[in-house]
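For reference, the chains in residue letters:
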Amino acid sequence: MHGRPRNPVKCEDEAVAAARASKLRDLQSRFLHNHHHNIYDAEAMEVSARLLEMNPEYYTVWNYRKMAVKRYLDRVGGDGDGDGDGGVEGVLKRELDVAQAALRVNFKSYGAWHHRKWVLNKCHSSLDKEMELINLFQRKDSRNFHAWNHRRFVAALMNSSEIDELKYTRDVIGQNFSNYSAWHNRSVILCSLFKKKAEGCFPKEKILNEEYQLVQNAIFTEPNDQSGWFYYLWLLDLTIDEETPSVIASWPAPGSERLIVTDGSAHGNVISPFGSYQVDTGFLPIVLYFSKPVKGVGLATITVKSFFTESVGLTWRPLSTSTDYSRAWVAYLDLSNVICGSSETYPVEVRCHHSQGITSFNGFHCSHDFISKFTVCIHVIDSSHANIHEMGAISWDNSNFQKHDGGIEESISLPVSQWSRMYKDKEAVASKYPGTILANEIALLHELLAVSDKIGKLLLAKLLAALDTVVLDNASSSHRMEEILELYRDLMARDTPHLQYYKDQHSITLLNKATSSGENLSRYCWHYTDISITASERVICLRFNNLALTQFTSIERLLWVEMLDLCHNELRSINGLEAMQSLSCLNLSNNKLRSFTALDPLRRLKFLKVLNISHNEIGGHSIDTTRYLWSSPLSHSVRMYSNCDDAFPVDDVTATKHWEGMLIFRDLKLTQLDIIGNPVVDEDFVVLLHRLLPKLVWLDGQRLNAI
């Protein structure tokens, strides 16, 4: 490991190892006897100490010693001075000595470091001596991250100045630029100082300038050492990060008109703009998209004024699949009381207050008020247009699409003035962050690239992307994104071990460029021209197909999309897609989706009617790695599975075999599904789909018999 050659084992070494193993077994046997019989006398404690010196990673022994100390403290009470054991301080000092002896054997022993913290928290030990010991350890190994973590812990107990600790890290870094642990410790302290708004740490731009100068010295001195580069990447994120969360997008968009076409029946069936597909009865989603994951979105923090909410408040739900924090939140307007009447227009106002209740992971509160006003237009048509069984299936063949001409703003009922707001108000952002700093760093990095390795190219790509978020210049932005894409293409060719990471970054940049303006996005917008849909009812389909995408991002700019084509890419995850609540038709065919777990975001798309997941890899892998790469409630859905017992008995073999697929499809109301070409598909699974999707009309291109 780490380039160290394996040497053949000598006979004398084998004899020494055998003797050591025999001694270890003997100590372990004696220790377990003492532990099981609650023996904590001096001889028993000596046995545990000797065992820890031989094997510092034996957590049970550390816990045994904690139990012994606790029993002693409970027995003597107070300080326990003069009881023959040296008092409380004497007992705790012996614990520190045992931990120190263990650290001499293994400096990276988690158990030993944790035991020292436990002892020090008893507040009977000298913190000055502990800091002296840490300094001794760090002189022997200045990169050991356990010692750095322990140093922060002791410094906090001593109420030491974080500014002094920051100066200490600078001194250590000055001795060795390759000390990654010191760089990391510096980043932790700076984050704490910025969060506390500590004296001397503002304005933030001044501190950032000093940090850039420090890391530049490291990079130019040791350009092939990665410690400085990693700190540079962290510093870059800190530079462009907006600490306080805010609403950056919403749907329906401010100033827009949302047309709801209904058949005027007593059931109040709502028709999508396709003119042929019913969506869930009588509800309109309202989506708020924040700059950071937040919690606390609800009646106390969001006000919705409309005819539909006069008698009842809205329930806001996070669209995240794993935590209470989410960037996207949704509430549903109940239109059932009006869609069975006459055509009418209703104003809606959504207001997000500058509230202490909406907070991010880091505890920052929502910083800006947000107001969105739009109108809901109810349009009643003849009920014969709502008969889904008279319409054909959606076909994703290229021949069924016609290039969209004209401005995208008018086509999605979004005023031009609101389009620029939806795609970030860069001018407002630019006033907060030092674009000049980034520009200077880019110029310096161009000089360094002549002697730098691949990480320099990666950092240049990151710097260019950061500059694009703070500089309002569409022409320059397009040029920067092209340079970023070229850098990632070069890295993909040069650094194949990290190919997947570069592909992900390339995808993110490509989608950022494609969605950066209405003009760019128009290039990917097509009309669906099926003969069964009239020209006035043609819907816009956003086609990001055949782009080698491995990530689907920039979703805050695509909340308006109802028909999305992502076929022939390399997607393994569709996380974030749940925010696109207007989505009716989705094509994910010919990607690399490996399991039903990867499809979990679809469960939150209440209006999804047409889904194509054909020719993926679902069911082709015995181990579902998706659950380890992306958190999902499907990873622990026993409770959800039990809710299906009424419809699917426990002894239903097919349901048991495909329970994750069942959890996905039971929440959908699909009328068309294509799933052919996945290893999971067999006769039993098709039967299960029939039971799960009673409204299904088309399956793999074949019309089903009316149910």
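If you're wondering where the values come from, they're calculated on a predicted model, not measured in any experiment.

> So, the overall build of the protein chain: which residues are in play, and what are the values?
When helices and strands are tallied, the protein chain shows 24 helices and 20 strands. Residues counted as buried form 50% of the 707 residues belonging to the protein chain. Intrachain contacts of the protein chain at a sequence separation of at least 6 include 68% that bridge at least 24 residues.

> Which residues make up the pairing of strand β6 (residues 302-306), and what values go with them?
Covered by surrounding structure in β6 are Ile302, Val304 and Ser306 only, the residues Thr303 and Lys305 on the alternate face being uncovered. Sheet analysis places β6 next to strand β9 (residues 344-352), joined by 5 bridges and oriented antiparallel. Within β9, the position partnered with Ile302 by the bridge is Cys352.

> Could you give me a rundown of the pattern of salt bridges, with the residues and numbers involved?
On inspection of all chains with the given rule, the structure shows 25 salt bridges. Across the salt bridge formed by Lys292 and Asp241, the nearest N and O atoms sit 2.6 Å from each other. Of the two residues, Lys292 sits in strand β5 (residues 283-295) while Asp241 sits in the loop between α11 (226-240) and β1 (247-251), which places them 51 residues apart along the sequence. For Asp468, the salt bridge is made with Arg480, and the minimal N-O distance between the two is 3.4 Å. With Asp468 in helix α16 (residues 454-470) and Arg480 in helix α17 (residues 474-494), this residue pair connects regions lying 12 residues apart in the sequence. The residues Asp468 and Arg480 share a single accessibility class, namely buried.

> With reference to specific residues and values, describe the side chain of Thr301.
The residue Thr301 is located in the loop between β5 and β6 in this model. Engagement of the side chain of Thr301 in a polar contact is seen with the backbone nitrogen of Gly298, the distance being 3.0 Å.

> Explain unusual backbone geometry residue by residue, including any values.
Each neighbour pair has its own omega, and for Trp251 with Pro252 the value is -5°, a cis peptide bond. Structurally, Pro252 is set in the loop between β1 and β2 (257-262). The backbone phi angle of Asn590 is positive, close to 55°, even though this residue is not glycine. Among the structural elements, Asn590 can be located in the loop between β16 (585-587) and β17 (610-612). The phi dihedral of Asp700 is positive, around 55°, even though this residue is not glycine. Its place among the elements puts Asp700 in the loop between β19 (698-699) and β20 (702-703).

> I'd love a proper account of the environment of Ser478, names of residues and values included.
Among the secondary structure elements, Ser478 is positioned in helix α17. When the C-alpha positions of Ser478 and Asn520 are compared, they lie 9.8 Å apart, and in sequence the two are 42 residues distant.

> Describe in detail the packing of helix α2 (residues 42-54) against helix α3 (residues 59-76), supporting the description with residues and values.
Relative orientation and spacing of two packed helices are given, respectively, by the angle between their axes and the distance between those axes. It is the contact of α2 with α3, at a shortest axis distance of 10 Å, that shows an interaxial angle of 150°. Considered as vectors, α2 and α3 are oriented roughly antiparallel to each other. Helix-helix and strand crossings are classified by hand; for α2 and α3 the assignment is left-handed. Contacts from Ala44, Met45, Ser48, Ala49, Leu51 and Leu52 of α2 reach α3 at Val61, Trp62, Tyr64, Arg65 and Ala68. Within the contact of α2 with α3, the residues separate by chemical class into 9 nonpolar, 1 polar and 1 charged.

> Report on a positive patch on the surface, specifying residues and quantitative values.
A cluster of like positive charges, contributed by Arg317, Lys606, Lys669 and Lys695, occupies part of the molecular surface. Take Lys606: it is sitting in the loop between β16 and β17. For Lys606, a relative accessible area of 39% corresponds to the partly exposed category.

> Describe the environment of Phe307, with residues and values.
Mapping Phe307 onto the fold places it in the loop between β6 and β7 (317-318). Sequence-wise, Phe307 and Pro347 are 40 residues apart; in three dimensions their C-alpha atoms are separated by 7.8 Å.

> Tell me about the nonpolar core, and name the residues and values.
Membership of the largest hydrophobic core comes to 63 residues, with the highest contact counts inside it found for Phe544, Phe552, Leu564, Phe665 and Leu673. For this core, the secondary structure elements donating two or more residues are β1, β5, β8 (326-334), α18 (499-514), β14 (540-543), α23 (659-665) and α24 (683-692). For this core, the element with the most residues is α24, which contributes 4 residues. When sequence neighbours within four positions are dropped, the list of residues in contact with Leu673 reads Leu611, Ile613, Phe665, Leu689, Leu693, Leu696, Trp698, Leu699 and Asp700.

> Could you give an account of a nonpolar patch on the surface, naming the residues involved and the relevant values?
A cluster of nonpolar side chains, contributed by Tyr59, Tyr110 and Phe145, occupies part of the molecular surface with about 300 Å² of accessible area. Inspection of the secondary structure assignment puts Tyr59 in helix α3.

> An account of the pairing of β5 is needed here, citing residue identities and associated values.
A regular strand places its side chains so that they alternate between the two faces of the sheet. Taken together, the 4 bridges between β1 and β5 define a ladder with antiparallel strand orientation. Across the sheet, the residue bridging to Ser250 is Leu288, located in β5. With 2 bridges connecting them, β5 and strand β10 (residues 359-360) associate as antiparallel partners. Counted as the bridge partner of Lys295 is Thr359 from β10.

> Give me the lowdown on the packing of aromatic side chains, citing residues and values where you can.
Enumeration according to the criterion identifies 21 aromatic pairs in this entry. Ring centres of Trp148 and Tyr168 lie 5.8 Å apart, and the angle between their planes is 50°; on these two criteria the pair is classed as tilted. With Trp148 in helix α7 (residues 145-157) and Tyr168 in helix α8 (residues 162-175), the pair connects residues that are 20 residues apart, well separated along the chain. The interplanar angle of 90° and the centroid separation of 6.1 Å between the aromatic rings of Tyr180 and Phe230 together place this pair among those described as edge-to-face.

Criteria and cut-off values
Residues numbered from 1 in each chain as written. Predicted model: local features only at pLDDT ≥ 70, side-chain atom pairs only at ≥ 80, totals over all residues. Heavy atoms only, no water. Helix = DSSP H or I, 4+ residues; strand = E, 2+ residues; numbered from the N terminus. Buried < 20%, exposed > 50% of the residue type's maximum accessible area, 1.4 Å probe, protein only. Contact = heavy atoms within 4.5 Å. Pairing = 2+ DSSP bridges. Salt bridge = Lys/Arg side-chain N within 4 Å of Asp/Glu carboxyl O. Polar contact = N/O pair within 3.5 Å; in protein donor to acceptor, adjacent residues only side chain to side chain. Axes fitted to C-alpha atoms, helices over the stretch in contact; angles between N-to-C directions. Parallel < 35°, antiparallel > 145°, perpendicular 65-115°, else oblique. Left-handed = near helix turned anticlockwise from the far one by under 90°. Nonpolar A, V, L, I, M, F, W, Y, C, P; charged D, E, K, R; others polar. Patch = residues over 30% accessible without salt bridge, like charges linked within 9 Å, V, L, I, M, F, W, Y side chains within 5 Å. Areas by Shrake-Rupley, 256 points an atom, 1.4 Å probe, with all protein chains shown as cover. Lys, Arg positive; Asp, Glu negative; His and termini not counted. Charge placed at Lys NZ, Arg CZ, Asp CG, Glu CD. Core = buried A, V, L, I, M, F, W, Y, C linked by side-chain atoms within 4.5 Å. Phe/Tyr/Trp six-rings, centres within 6.5 Å; stacked < 30°, edge-to-face > 60°.

So yeah, pure geometry; function would need other evidence.
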